[in-house]
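Each chain, letter by letter, is given below.
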Amino acid sequence: MENLFQMGTEAGEVAHGLFDGIQNVKTLKKDGWPDIFQMCEKTKELVSKDCSAIAEASFSGKGVYCAVDILKNNFDGTWDIYEVKTSSRRIPIYFHDIAFQKYCLEKNGIKINKCHLVTINGKYVREGEIEVKKLFNIENICGVLEPFSEMVEEKLKKAQEVYALDEVKIDLNESCASPYPCCFYKHCSAHLPKNNIFNLYRMTGQEKFEHYRKGIVSFEDIRESKISLSEKQARQLDTTLDDLPPFVDKQGIKTFLEEIKFPIYFLDFETYSSAVPFFDGQSPHQLVPFQYSLHILQKCGTIEHKEFLANEAKDEYKKLAEKLAKDIKTDGGSVVAYNKGFEMSCIKKMADAFPKLEKKLHDAIFRMIDLLDVFQGGFYYNKEMGGSFSIKSVLPALFPNHPVLDYHKNEEIKGGMSASLAFVSLKNKTKTERARIRDNLLKYCHLDTLAMVEIYKELCRVI
């Protein structure tokens, strides 16, 4: 969610370039939160002065408040709303947003002529300075806004009723995750037992809520109800409730391991994406690798580590691709990833971007093997995985309390999203902060591939 807010802020600021003479009223308090009072006062002043366009135009009164991304003056007594989104497509929640803004502004005496949805042009490719008018798609949505406008007062009434309560008691439902994850989910789900219907592997959200509403909540409830379960779901249930040792399909694991050839290249990428492309040749929301870690395991047991971390101020995509093509030799050794579709996609895009490296990079793709297949294939299950086969669940389940194989040791970077945010943030950091963050990025990505090495060794041990 933090990444979405960051991208939204960046795209909104770039969109200001769509209008000449735009004035931004955004004002922050010392604690970093918006100063709503000051923003509303500045907006009133600019409206009275007939400003041509106002960014973050803020209005409060009549029981409502909103800030409009861009409010454009038509100089005929009317104004147009421009709502900027980082998505390349229109979704219903956007229309609810704009309908509320229109309602709020009209309650505050602002006459609205047209409402526009501003989205990202996914086909845009950056070449030189950002061409703002090509980056965005602008759509007049007045023709589809009416039914959403009709719902505003009803929704406001419900919101005010909830706000007036001493304690909100709303049971879990499908809205907890749609259209966005609710920030109160942890609070509202505190009554759930550790092992509950929502932890069950590969059951749809709709099914889970249907069972929940019938009182099938705990794993004990699930067993007693005798609802239909897949083989993996049943294994998760039985292993947990009966405190069973890890399930090991030795033949399945053996067959998987026989496909792996030495030397083994354990590979992991970290990527960033941005609604506004950073460098030439990039498109909006393109996943751009900025880092990789590579552990190379020889048949004799020796391990070599190679890595790359880009300079955030430079376009080092080609440099990364060239070093990767050099580090992964064309020696027939397997390239092992965890959830290989991601790594394969990254390498394929590199091969497309740099034809001279195409042969070597496609050779690496051809040799790729997915370590995730062992766990998704049902060849190994440990109750500590909790129904999840992500490497963040598998590693601590196989190596509990390990002094090195612990993602929590890195307080700054604990996942791919935080790694991406950390890398993008480097350009605004001091030299000392930059050195610390880069060191943590290297440690994090190193652990990803070291984890794969140790998981591979453990699979070899159990057969």
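Structure shown above.
Computed from a prediction, not measured in an experiment: that's the story for all the values here.

Calculation notes
Throughout, a residue's number is its position along its own chain's written sequence, starting from 1. At least 70 in pLDDT is required for a residue's local features to be given in this predicted model, at least 80 for side-chain atom pairs to be given and counted, and no such filter applies to totals for whole chains, interfaces and linings, which use all residues. To get the side-chain values, all heavy atoms of the structure are used, and hydrogens and water are removed first. In this scheme, patches are assembled from residues that exceed 30% relative accessible area and form no salt bridge. Like charges are connected within 9 Å, while nonpolar side chains (Val, Leu, Ile, Met, Phe, Trp, Tyr) are connected within 5 Å. Here the open area of atoms and residues is found with the Shrake-Rupley method and a 1.4 Å probe, where only the protein chains shown may cover a residue. The rule for a salt bridge is simple: a side-chain nitrogen of Lys or Arg has to be within 4 Å of a carboxyl oxygen of Asp or Glu. A helix here means a DSSP run of H or I that spans at least four residues, while a strand means a run of E at least two residues long, and both kinds are numbered starting from the N terminus. Two strands form a pair only when DSSP identifies at least two bridges running between them. Residue contacts follow a heavy-atom distance rule, with two residues in contact if any of their heavy atoms lie within 4.5 Å. Only protein chains enter the calculation, and the probe is 1.4 Å; a residue is then buried if its accessible area is under 20% of its type maximum, exposed if over 50%, and partly exposed in between. The arc in question is traced by the directions running from the helix axis to the C-beta atoms. In this charge count, Lys and Arg are treated as positive and Asp and Glu as negative; neither His nor the chain ends contribute. Charge placement uses NZ in Lys and CZ in Arg. For Asp and Glu, CG and CD serve respectively. Points on a 1 Å grid over protein atoms alone make up a cavity when a 1.4 Å probe fits among them but cannot get out, and a pocket when they form an open set with protein on both sides within 12 Å along at least five of seven lines; lining residues each have an atom within 4 Å of a point. Grid points are joined across faces, edges and corners, and a volume is the space filled by probe spheres set on the points. Gly is placed with the polar residues, together with every amino acid not listed as nonpolar (Ala, Val, Leu, Ile, Met, Phe, Trp, Tyr, Cys and Pro) or charged (Asp, Glu, Lys and Arg). For helices, the axis comes from a line fit to the C-alpha atoms of the stretch in contact; other axes are also lines fit to C-alpha atoms, and the angle between any two N-to-C directions lies between 0 and 180 degrees.

S.K.: Residues and numbers for a nonpolar patch on the surface, please.
M.R.: On the surface, a cluster of nonpolar side chains totalling about 310 Å² of accessible area is made up of V162, L165, V168 and I170. Relative to the elements of secondary structure, V168 occurs in the loop between α6 (152–163) and α7 (185–188).

S.K.: Quick rundown of the pairing of strand β10 (residues 303–309)? Include the residues and the values.
M.R.: With seven bridges connecting them, strand β9 (residues 288–297) and β10 associate as antiparallel partners. Within β10, the residue paired with I296 across the bridge is E304. Linking two consecutive strands that pair antiparallel, namely β9 and β10, is a turn of five residues; a positive phi of about 105° is found at G301 within it.

S.K.: With reference to specific residues and values, describe the side chain of Q101.
M.R.: Relative to the helices and strands, Q101 resides in helix α3 (residues 92–107). Excluding its chain neighbours within four sequence positions, the residues that come into contact with Q101 are C66, A67, V68, I81 and E83.

S.K.: Tell me about helix α8 (residues 205–213), and please be specific about residues and values.
M.R.: Listing the buried residues of α8 in full gives K208, F209, H211 and Y212. One face of α8 carries all of its buried residues, which in axial projection span an arc of 160°. The first or second residue beyond α8 is G215, which carries a positive phi of 90°.

S.K.: Go over a negative patch on the surface, please, and point to the residues and values.
M.R.: Residues E127, E129, D280 and D315 make up a contiguous surface patch of negative charge. Considering the arrangement of structural elements, one finds E127 in the loop between β5 (112–120) and α4 (132–135).

S.K.: Talk me through the pattern of salt bridges; I want residue IDs and the actual numbers.
M.R.: In total, this model carries 27 salt bridges according to the counting rule given. A salt bridge links E131 to K134; its shortest N-O distance comes to 3.3 Å. Judged by its relative accessible area of 33%, E131 falls in the partly exposed class. Here K134 falls in the partly exposed class, since its relative accessible area comes to 48%. The partner of R223 in a salt bridge is D242, and the shortest N-O contact between them spans 3.1 Å.

S.K.: Talk me through the layout of surface pockets; I want residue IDs and the actual numbers.
M.R.: Considered as a void within the structure, the second largest pocket measures approximately 480 Å³ in volume. Secondary structure elements with two or more residues in the lining of the second largest pocket: β8 (264–272), α13 (340–353), α16 (391–398), α17 (416–425) and α18 (431–462). Sorting elements by how many residues they give to the lining of the second largest pocket places β8 first, with five residues. Grouping the constituent residues of the lining of the second largest pocket by class yields 11 nonpolar, seven polar and five charged.

S.K.: Can you break down the sheet that holds strand β1 (residues 22–24) residue by residue, with the values?
M.R.: Across the sheet, which stays open at both edges, the six strands sit in the order β1-β2-β3-β4-β5-β6 with mixed pairing between neighbours. Here the strands that pair on one side only, and so sit at the sheet edges, are β1 and β6 (136–140). Across the sheet, the mean angle separating the axes of adjacent strands is 40° when strand polarity is ignored. In this sheet, strand β4 (residues 79–84) lies alongside strand β3 (residues 64–73) in antiparallel orientation, the contact comprising four bridges. The residue bridging I70 from the neighbouring strand is Y82, located in β4.

S.K.: Tell me what's going on with empty space enclosed by the protein, and back it up with residues and numbers.
M.R.: A full pass over the atoms with the stated rule returns two cavities of 30 Å³ or more. Reported here for the largest cavity is a volume of approximately 40 Å³. Taken together, K232, R235, F375, G378, Y380, Y381 and F389 form the lining of the largest cavity. Those elements giving two or more residues to the lining of the largest cavity turn out to be α10 (231–241) and β13 (380–381). Its residues placed into classes, the lining of the largest cavity shows four nonpolar, one polar and two charged.

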